[in-house]
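Letter by letter, the chains look like this.
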Amino acid sequence: MAKQAFPLSGVYGLIETGPVVLISTRWKGRESIMAQSWHTMIEFDPPILACVISESNYSFELIEKSGECAINIPTVEIGRQVALCGNSSGRNADKFEACAFTREKASDVEAALIGECYASLECKVIDRVKQYDLFVMEVTRAWVDPAVTEPRTLHHRGYGAFMVAGETVSLPSEMR
Ligand SMILES: Cc1cc2nc3c(=O)[nH]c(=O)nc-3n(C[C@H](O)[C@H](O)[C@H](O)COP(=O)(O)O)c2cc1C
């Protein structure tokens, strides 16, 4: 392959794990939804993950104060709403209304689950790395629509470009 030098500012678009998720939050009646793609699993069982949530986002304040959120996994069918949630602030808009999303009641967290997402994870913040706006969260409950067998998730390349997943292939591997 004839590789060429690549700008460091674009590296995230090469390695970003995705899928883009929608983090819903609620604290004392205030709520928001943000698009989020800088996240990673760090433990299997109980499932623990780490998410970078910039201090400049309204969602940061709601997660910091409530200590919880829901991570909803959207598919390409609601891509426009995902982009809207990632390019507007819940400080001055009701994103559930703007996206025509359905609020579904969660069991362990106050934040609403997004009905239009095929999976939702109820999460509690268990640790922080303040220097990087990193929240470590334990998933306490997970919900998945079993009818969605090959979810066409979105993977962020930057500036409105997304890769769409969906094909499952089988390869020889013992890894869990
Ligand atoms: C595809 C996509 C991925 C994003 N990923 C992140 C992320 O990982 N961390 C972050 O802090 N902001 C991320 N953002 C930006 C927030 O979603 C955006 O600032 C949003 O308007 C915050 O909403 P809020 O102010 O209501 O919390 C992303 C935006 C898009 C469009």
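About the criteria used
Residues numbered from 1 in each chain as written. Predicted model: local features only at pLDDT ≥ 70, side-chain atom pairs only at ≥ 80, totals over all residues. Heavy atoms only, no water. Pairing = 2+ DSSP bridges. Helix = DSSP H or I, 4+ residues; strand = E, 2+ residues; numbered from the N terminus. Near = heavy atom within 4 Å. Polar contact = N/O pair within 3.5 Å; in protein donor to acceptor, adjacent residues only side chain to side chain. Areas by Shrake-Rupley, 256 points an atom, 1.4 Å probe, with all protein chains shown as cover. Nonpolar A, V, L, I, M, F, W, Y, C, P; charged D, E, K, R; others polar.

Caption draft 1: View of the pairing of strand S8 (residues 119-129). Pairing analysis gives 6 bridges linking strand S5 (residues 68-73) to S8, with the strands arranged antiparallel. When the bridges of S8 are listed, Ile-73 appears paired with Ala-119. In terms of strand pairing, S8 meets strand S9 (residues 134-144) through 10 bridges, oriented antiparallel. Each residue of the ladder has a partner; that of Asp-127, found in S9, is Val-136. The hairpin turn running from S8 into S9, its antiparallel successor, is 4 residues long, and Asp-133 in that turn takes a positive phi close to 50°.

Caption draft 2: A look at the site of the ligand. For the ligand, the set of nearby residues contains 21 residues, the closest of which are Ser-32, Asn-57, Ser-59, Ser-88 and Gly-90. Residue Val-52 places a main-chain N or O atom 2.9 Å away from a nitrogen atom belonging to the ligand. Within the backbone of Tyr-58, an N or O atom sits 2.9 Å from an oxygen atom of the ligand. Starting from 650 Å² of accessible surface for the ligand in isolation, the protein chains cover 86%. Mapped onto the shell around the ligand, the elements with two or more residues apiece are strand S2 (30-36), helix H2 (58-66) and helix H3 (79-86). In terms of residues, the shell around the ligand owes the most to one element, S2, which gives 4 residues. Tallied by class, residues from the shell around the ligand come to 8 nonpolar, 12 polar and 1 charged.

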